[in-house]
Amino acid sequence: MKANSYVSADKIRSDFSAAMSAMYRDEVPAYGTLMALVGKVNDETLAADAHLKHRLEATDSLDRISEERHGAIRLGTPEELSMMRRVFAVMGMEPVGYYDLSTAGVPVHSTAFRPVGAESLSRNPFRVFTSLLRLDLIADEALRDEAAKVLATRKIFTTTAVTLVDKAERDGGLEAADAARFVAEVLETFRWHDHAIVSADLYKRLHDAHRLVADVVSFKGPHINHLTPRTLDIDKVQDRMPQEGIAPKAVVEGPPTRKCPILLRQTSFKALEEAVSFIAADGTWQKGSHTARFGEIEQRGVALTPKGRALYDTLLNETRARVRPAADGSNAAEYEAALADVFKAFPDDWDGVRKAGLGYFRYSLTEKGKTVSGRSADLETAIEAGLVTFDPIVYEDFLPVSAAGIFQSNLGDDAAQEFVASPNQVMFERDLGAKVLDEFAHYAGIERASLEKCLAIVNMAAAAE
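Residues numbered from 1 in each chain as written. Predicted model: local features only at pLDDT ≥ 70, side-chain atom pairs only at ≥ 80, totals over all residues. Heavy atoms only, no water.

Describing the overall build of the protein chain
Across its full length, the protein chain holds 20 helices and 12 strands. Over its C-alpha atoms the protein chain spans a radius of gyration of 23 Å, differing by no more than 12% from the 23 Å that the globule rule assigns to 465 residues. In terms of overall dimensions, the protein chain has C-alpha extents of about 90 × 65 × 40 Å along its principal axes. The proportion of buried residues among the 465 residues of the protein chain is 53%. In the protein chain, once contacts between residues fewer than 6 apart in sequence are set aside, the share between residues at least 24 apart is 76%. Total accessible area on the protein chain is roughly 19800 Å²; 53% of this is exposed by carbon and sulfur atoms. Separation between the mean location of the 55 positive side-chain charges and that of the 69 negative ones in the protein chain comes to 2 Å. (Helix = DSSP H or I, 4+ residues; strand = E, 2+ residues; numbered from the N terminus. Rg over C-alpha atoms; globule rule 2.2 N^0.38 Å. Buried < 20%, exposed > 50% of the residue type's maximum accessible area, 1.4 Å probe, protein only. Contact = heavy atoms within 4.5 Å. Areas by Shrake-Rupley, 256 points an atom, 1.4 Å probe, with all protein chains shown as cover. Lys, Arg positive; Asp, Glu negative; His and termini not counted. Charge placed at Lys NZ, Arg CZ, Asp CG, Glu CD.)

See below:
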């Protein structure tokens, strides 16, 4: 079989993302309302900011905005995580970053599967934040054992999906018919099931330990619990959600409103309470309910360097020391005011962020730079002379505190359980079956490659004199 007859991983990922979006729209109608609102706000933002539109076009980022999604799933066993890695690999998605959410009261650790190459990101930057349950963090040993036994009985991937993954790995790809079957079969793993695989009693005990534990253990598969579009103005979306009949969470997670966005800002609407049937002792079904799936929106900014991230973390901690956002939103205004005040210490112009070494940027030659000859200059001189320009590199990853804030607001803030922080990347990578990509090294590599390309061209012109 010739490799050029295979469907590209980018195409498979795009098809899967579209299928997932269509399925989630059917399952959670408010998601469709949210998508329409985000589309309208993005159009308005671009119409009002010609420079933003121009730079997005210049960096091949404009077309991807409307297609951009991230989803989230929660897995129960190392075997599920390892197989999920293989599934996502067929779609050209690699595990990037390690996230320990136990620090924020959520018994999971996670990675994000996503494309990493510039062309693939431009084609479709679909991401899935993938968490693995940490049963070892649950205090009740008997409950841990019961949960483990339940998880050991379930099979979250169809036989055909596994067969197609094996085939893709063996042959180096999938042809069109198999690629279409692969998308359809893997979609079943993410589908919602309203019949639990546990009794109402066990569900309650799992729920009392932590709502997320109940969500992971009680069902046939790791239903997609949210699908997130990207907006260019999250504050406007947050303000307009009530007009669309959607109640947003009280506080936008992440940094404050800025002229130059950094990292990631997220908001969401409350999780749905959905009818569920539990297994009764006599083998019949007992009616109940479950709350897990919700809607989320994000706004992405520049990826920060380790120095920038350290400053961000310091400022966020300082803000929360001043005002801890209340679960009921009663002090939302005070928190947002404190956040804005504290973050004045973080430069809010692109050149300031760049010169301070706080963010990553992609450098490129201007039209003038492409035609100049006999000129040799250092980077700052080249920028001042209009030979080189720079654009922020979009942060493609996630923030543990923000993720936990979204989790807690939708799973029930009042049920938050404190866990001793226990990051264990070695264990996670063992269960994953691979190393996770270091996001800082990845962004630094992108910046360095763009810079070397620019300076090589400028210096080559000077050398030819």
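There is more to say, and it comes next.
Focus: the sheet that holds strand E3 (residues 108–114)
Spatially, the five strands line up as an open sheet ordered E2-E3-E4-E1-E6, and their pairing is mixed. The open sheet terminates on both sides in strands that have one partner only, identified here as strand E2 (94–100) and strand E6 (226–229). Between one strand and the next, the sheet's axes are offset by a mean angle of 20°, whatever the strand orientation. Inspection of the sheet shows strand E1 (residues 69–75) paired to E6 by four bridges, in the antiparallel sense. Within E6, the residue paired with Ala72 across the bridge is His226. (Pairing = 2+ DSSP bridges. Axes fitted to C-alpha atoms, helices over the stretch in contact; angles between N-to-C directions.)

Brief notes about helix H8 (residues 159–171)
Taking 1.5 Å of rise per residue, the 13 residues of H8 would be expected to cover 18 Å, and the 18 Å separating its terminal C-alpha atoms lies within 8% of that figure. What H8 keeps buried is the set Ala161, Leu164, Val165 and Ala168. Seen from one end, H8 has its buried residues packed into an arc of 105°, which puts them on one side. The elements touched by buried residues of H8 are helix H5 (78–90) and helix H9 (176–187). (Expected span 1.5 Å × (residues − 1). Arc of directions from axis to C-beta.)

Some points on the pattern of salt bridges
For the structure shown, the criterion picks out 35 salt bridges. Across the salt bridge formed by Arg181 and Asp178, the nearest N and O atoms sit 3.1 Å from each other. Remark: Asp178 and Arg181 occur in helix H9; sequence separation between them is three residues, near one turn of the helix. Residues joined by salt bridges that share partners form a network here, namely Arg127, Glu298, Arg300 and Glu396. (Salt bridge = Lys/Arg side-chain N within 4 Å of Asp/Glu carboxyl O.)

A word on the confidence of the model for the protein chain
For the protein chain, per-residue confidence averages 88 on the pLDDT scale, and residues scoring 70 or more make up 91% of the total. A low-confidence stretch, residues 461–465 stays under pLDDT 50, and its non-local contacts, those more than four residues away or across chains, total seven contacts. (pLDDT = per-residue confidence, 0-100.)

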